[in-house]
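Secondary and tertiary structure notes
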Amino acid sequence: MTHTVKDIAAALGAQAFGAVDLPISGVAEPAMAGPGDLALAMSPKYAEGLSAGKARAAMVWAGADWQALGLEAAIVPNRARYAMSGLSAMMDQGQGYAAGIHPSAVIDPSAQLGENVSVGPLTVIGPRAQIGANSVIGPQCFIGADVTLGEGAFLREGVKLGARVRIGKRFIGQPGATVGADGFSFVTPEVSAVEKVRETLGKETELHGQSYARIHSLGNVTIGDDVELGANSCIDRGTVRDTRIGNGVKFDNLAQIGHNVEIGNDCLICAQVGVAGSTRIGNNVVLGGQTGVSDNLFIGDHVITGGATKVLSNIPAGRVMLGYPAMKMDQHIEIYKYLRRLPRLFRDVSVLQKGLKSSPDND
Amino acid sequence: MTHTVKDIAAALGAQAFGAVDLPISGVAEPAMAGPGDLALAMSPKYAEGLSAGKARAAMVWAGADWQALGLEAAIVPNRARYAMSGLSAMMDQGQGYAAGIHPSAVIDPSAQLGENVSVGPLTVIGPRAQIGANSVIGPQCFIGADVTLGEGAFLREGVKLGARVRIGKRFIGQPGATVGADGFSFVTPEVSAVEKVRETLGKETELHGQSYARIHSLGNVTIGDDVELGANSCIDRGTVRDTRIGNGVKFDNLAQIGHNVEIGNDCLICAQVGVAGSTRIGNNVVLGGQTGVSDNLFIGDHVITGGATKVLSNIPAGRVMLGYPAMKMDQHIEIYKYLRRLPRLFRDVSVLQKGLKSSPDND
Amino acid sequence: MTHTVKDIAAALGAQAFGAVDLPISGVAEPAMAGPGDLALAMSPKYAEGLSAGKARAAMVWAGADWQALGLEAAIVPNRARYAMSGLSAMMDQGQGYAAGIHPSAVIDPSAQLGENVSVGPLTVIGPRAQIGANSVIGPQCFIGADVTLGEGAFLREGVKLGARVRIGKRFIGQPGATVGADGFSFVTPEVSAVEKVRETLGKETELHGQSYARIHSLGNVTIGDDVELGANSCIDRGTVRDTRIGNGVKFDNLAQIGHNVEIGNDCLICAQVGVAGSTRIGNNVVLGGQTGVSDNLFIGDHVITGGATKVLSNIPAGRVMLGYPAMKMDQHIEIYKYLRRLPRLFRDVSVLQKGLKSSPDND
């Protein structure tokens, strides 16, 4: 797949200079670029790499003297990071899945596949499932009974969608992602130790054992448009109402979304994040990697959590949080500076105590 | 699947009032209930929802004036949360897996399937595996050589059980759950840096590199009755003896149980919990989401850990813990209150130091 | 599979004593050992177990009086823990996968399989994939287009390798492990709230929402020799350059390695560790279970992190770290001792303040 410098620039809304008809077959970091690559040199720190590599064309920073850098052609984007989105989409070689329906796929006759849907080898599609047009269902996927999957979906190998899951348009599922496992909801015949601890904040526990009875999940999972779900991530079904994910939400790998959780639009849920049951998350929220959120909480719009933040109480809109338990990020940074000085503080107080003891009216 | 109000109440051991022959085809939150649904209004806060929805029957709180709430029939359970278990089991629509043995399943001729076992498409069952009666093995599952799986098992799509795993009755495996991966056990030819750090608590590290040799797992995994394993969760094989899980233990998604771990009966292991190798956990223990437990520890009966607790030392029976490193929950809450006031304390001590400096006998 | 005591000792480079022709068919903990087992009694604390069990031969600690322990034969290794590696390899019963290419596997005609490669049932191997000699590809695996997998690989059930992944010799993949998911890289049309927070450390957030555009992963994953990847673990593709894993790196279950990450040789990455995008990790590094490492950091050679360490900044070579945020382990242990005494410190300072108030020159 080859594009000219001119065509790439046009697709990105960027400016092209020099030999704009040069054919480009890939992208590379400057030092590793071959003569057919577009080198990515979007800041001056890459200037040196350009001379080390063999690129004839590069995407460069605004104001770069591309000719002095030894290039024959250059593309200057408005916002380099954003240009990477369009450029990488043009250059993506894809997974090489074959088009069409593989004969080894097991597709229920009542399933409805839209136009131009491809289904990989050894994939199972259950009764009454509906797959939107132009979807690519990869190998060894599972699509359960009565699932609705919108047009333009792309499922990598081994994605699993349980019965009755509803997903909007342009869904991307990474390998092993699973939607629609049963929620984790158990109850004891008598009031349990955990229920008591929640009331007393840990001051009491009970010492007779009980076995757990299962609360079955009757709700489903409803997911909006333009959602991506990372490898081996899990979104559980709701208990009575649905677990709900809005539009434009992106989940990284190994994330866990519990039953009844509601997530708004345009959120980033990074790797290994866990959100416990019935928590509601607003729009434009970013949960950093390994963030944990307790159950039945509310997280407002535009909240950002740093890596490994553990959220044990509600967070109002707009807050930037860090730590365990979560604090405002600037407060956390201040407190942890003091924490490192804690041994000295203890010594200082000890000195003060001795000083006071030896002062007149303590004698 | 339809049940009358009367039948539902009888099944739950609850009281029924009014038009107890009303047919019920589903359950719903009050505001979203249709005329065929049983609305779930187990506390007075749902009264308003009942008028917004269309339910003719509801499960209501003790003492509710159901007629005044506009209902034709009502069910009053003893313990509402517990009643949800029986009710949700009655109303569960299931995954819609077809009965019988799917012709695409690859089943070794030496495997023994009990009566009324169903096997989904593209599932693999290895030599000499034994599957108990009335089990449902979903699509794309893997059951290894010499596995024993008790009666009434229910495996969702893509569950994997390695060779020689032994599991009791009524096991439930959520999508992608895996039992019997090899334990993570490696050794260096010479004493390693990690072994030294454990002795010195971090005061020394070694600076010459060594490669790791693998210790193969020879033990298996033994799991009791009534265990549920969450989506993409992992239970590893033991090194010499078996990794052991008792009866009635419930694991949420993405949990990790290392080699040689022993867990007693009736424990709840929440999502993304990790228990490292050779740790022993008692009965009726609850590990909150993202809890981590180091290797070779002992956690007593009835211990409860709050979300993201990191356990670095043994915990006696009955303790409620929180934090990193784990402390008693009430102590943790007290200390973190003080932590937030740490900047002020530093200022106070600084003022005291100045005061003391200016006091007579420091001059 | 039976070995004599003599043969086992020879294979381990250990000394054998007594009836060295005794046949051994398994290994066991001393108290549970049968007459055909080699009991593992590598420290004096197992002496009692030996009398309780039925072992006729044991691997014992240096200096043990094996005859007094009632044994007929004994093996004395140099370093007991290291001897377990060789011994466990000899005694491993394996997974019992059938040799040969299973007829249900879907193998592209252009794929190249080396000599003596076996492929399990319902496995998919894509176009132009190359599998090295003597590899065992288990059931229900996926090997994508243009993948290179070196000789002697062993893939357990359900391992997934995305297109163009390159892996060296003797790779072991545990069940559900996945290599080559797309990286988690998204960009907003305008500078995003996260980008601002990184600059201001949390002092500012923006309150107008933006949707995310996807940056496609164009890089691959390159993995060295002798690497093992745990169950349901994930290694993502690079954005432009490859994600790179050196030789001899061992990953436990549910680990997450983000795009562009580089890991050196002979590292141990324990369960549920997450390493965010573009971070570089040196040689002989050990990341304890649930460790998290932020993006774009550098971790030097020989670094060790304790369980659940959260790394938010670079770590120089040789450091032993613990905590959130990561501190030197000994410093962390000291500070957390003081933390527990924080309530008392507040009381002491309060007493001092009262004392100072009542002292002469504050009146």
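Residues numbered from 1 in each chain as written. Chains lettered and ligands numbered in written order. Predicted model: local features only at pLDDT ≥ 70, side-chain atom pairs only at ≥ 80, totals over all residues. Heavy atoms only, no water.

Chain A is annotated in an unreviewed UniProt entry as UDP-3-O-acylglucosamine N-acyltransferase of Thalassobius vesicularis. Heading Catalytic activity (unreviewed entry) of the UniProt record for chain A holds this comment: "a UDP-3-O-[(3R)-3-hydroxyacyl]-alpha-D-glucosamine + a (3R)-hydroxyacyl-[ACP] = a UDP-2-N,3-O-bis[(3R)-3-hydroxyacyl]-alpha-D-glucosamine + holo-[ACP] + H(+)". Within the UniProt record for chain A, the comment given under Subunit (unreviewed entry) is "Homotrimer." (UniProt positions renumbered as here; feature names shortened; annotations may be inferred.)

1. A closer look at the domain arrangement of chain A
Taken domain by domain, chain A comprises domain 1 (3–91) and domain 2 (328–362). One C-alpha centre belongs to domain 1 of chain A, the other to domain 2 of chain A, and the line joining them spans 56 Å. (Domains from an automatic or database assignment.)

2. Let's talk about the interface of chain C and chain A
The partner chain A presents 75 residues to the 89 residues of chain C that form the contact. Interface area lost by chain C to chain A is led by Phe184, Tyr212 and Tyr324 of chain C, which between them contribute 11%. Of the charged contacts, one joins Glu195 of chain C and Arg79 of chain A as a salt bridge, the two residues approaching to 2.9 Å between their closest N and O atoms. Our count for the contact surface shared by chain C and chain A stands at 34 residue pairs in polar contact (both at pLDDT 80 or more). The element that contributes the greatest number of residues to the side of chain C that touches chain A is helix α6 (residues 342–357) of chain C, accounting for 7 residues. Among the residues forming the side of chain C that touches chain A, the class breakdown is 44 nonpolar, 29 polar and 16 charged. (Contact = heavy atoms within 4.5 Å. Buried area = accessible area lost by both parts, 1.4 Å probe. Salt bridge = Lys/Arg side-chain N within 4 Å of Asp/Glu carboxyl O. Polar contact = N/O pair within 3.5 Å; in protein donor to acceptor, adjacent residues only side chain to side chain. Helix = DSSP H or I, 4+ residues; strand = E, 2+ residues; numbered from the N terminus. Nonpolar A, V, L, I, M, F, W, Y, C, P; charged D, E, K, R; others polar.)

3. Digging into the relation of the copies chain C and chain B
Relative to chain B, chain C is turned by 120° and slid 0.0 Å along the rotation axis, the superposed coordinates differing by an RMSD of 0.0 Å. The relationship between the two copies is best expressed as a three-fold rotation axis. With a heterologous cut-off of 20% or less, the 20% of interface residues of chain C that recur at the interface of chain B puts this contact in the heterologous class. (Least-squares fit on C-alpha atoms with pLDDT ≥ 70 in both.)

4. Brief notes about the sheet that holds strand β12 (residues 130–131) of chain A
What holds strands together in a sheet is hydrogen bonding between their backbones, with the strands either parallel or antiparallel. Residue and element names in this part refer to chain A. Ordered in space as β9-β12-β15-β18-β23-β26-β29-β32-β35, the 9 strands form an open sheet in which the pairing is parallel. With one partner strand each, in any of the chains shown, β9 (112–113) and β35 (298–299) form the two edges of the open sheet. Of the strand pairs in this sheet, strand β23 (residues 221–223) and strand β26 (residues 243–245) are connected by 3 bridges, and their pairing is parallel. Paired with Thr222 across the two strands is Arg244, which belongs to β26. (Pairing = 2+ DSSP bridges.)

5. Side note on the interface of chain C and chain B
With 75 residues of chain C in contact, the opposing surface of chain B contributes 89 residues. Between chain C and chain B lies a buried interface of about 6500 Å² when both sides are counted; carbon and sulfur atoms form 64% of it. Among the residues chain C hides against chain B, the three largest losses belong to Arg79, Arg340 and Phe346 of chain C. Together they make up 10% of the total. Across the contact surface, chain C and chain B share 4 salt bridges. Its salt-bridge partner being Glu228 of chain C, residue Arg214 of chain B comes within 2.6 Å of it at the nearest N-O pair. Across the contact surface, chain C and chain B share 34 residue pairs in polar contact (both at pLDDT 80 or more). Listed by contribution, the elements that provide at least two residues to the side of chain C that touches chain B are β4 (26–28), α3 (80–91), β27 (250–251), β30 (268–269), β38 (320–322), α5 (329–340) and α6 of chain C. Of the residues forming the side of chain C that touches chain B, the biggest block, 8 residues, is contributed by α6 of chain C. Each residue belonging to the side of chain C that touches chain B can be placed in one class, and the counts come to 38 nonpolar, 24 polar and 13 charged.

6. Structural notes on the pairing of strand β7 (residues 73–76) of chain A
All names here are of chain A. The alternating pattern of β7 places Ala73 and Ile75 on one face and Ala74 and Val76 on the opposite face, and all of these are buried. Where strand β6 (residues 57–60) lies against β7, 3 bridges are found, and the strand directions are parallel. Of the residues in β7, the one forming a bridge with Ala57 is Ala73. (Buried < 20%, exposed > 50% of the residue type's maximum accessible area, 1.4 Å probe, protein only.)

7. Description of the packing of helix α5 (residues 329–340) of chain A against helix α5 (residues 329–340) of chain B
Where α5 of chain A contacts α5 of chain B, the axes come no closer than 10 Å and their chain directions differ by 100°. In terms of axis orientation, α5 of chain A runs roughly perpendicular to α5 of chain B. Note on element contacts: α5 of chain B touches α5 of chain A through Tyr336, Leu339 and Arg340 of chain B, opposite Gln331, Ile335, Tyr336 and Leu339 of chain A. Among the residues forming the contact of α5 of chain A with α5 of chain B, the class breakdown is 5 nonpolar, 1 polar and 1 charged. (Axes fitted to C-alpha atoms, helices over the stretch in contact; angles between N-to-C directions. Parallel < 35°, antiparallel > 145°, perpendicular 65-115°, else oblique.)

8. A word on the pairing of strand β5 (residues 37–41) of chain A
Within a regular beta strand, the side chains point alternately toward one face of the sheet and then the other, so they alternate between its two faces. All names here are of chain A. The buried fraction of β5 amounts to 5 of the 5 residues, a majority that puts the element mostly inside the structure. Taken together, the 3 bridges between strand β4 (residues 26–28) and β5 define a ladder with parallel strand orientation. What sits directly across from Ala28, in β5, is Ala39. Note that β5 and β6 share 4 bridges and pair parallel. Counterpart to Leu40 in the pairing with β6 is Met59. Remark: the β5/helix α2 (residues 47–52)/β6 crossover connection has right-handed handedness. (Right-handed = clockwise from strand over helix to strand, strands pointing away.)

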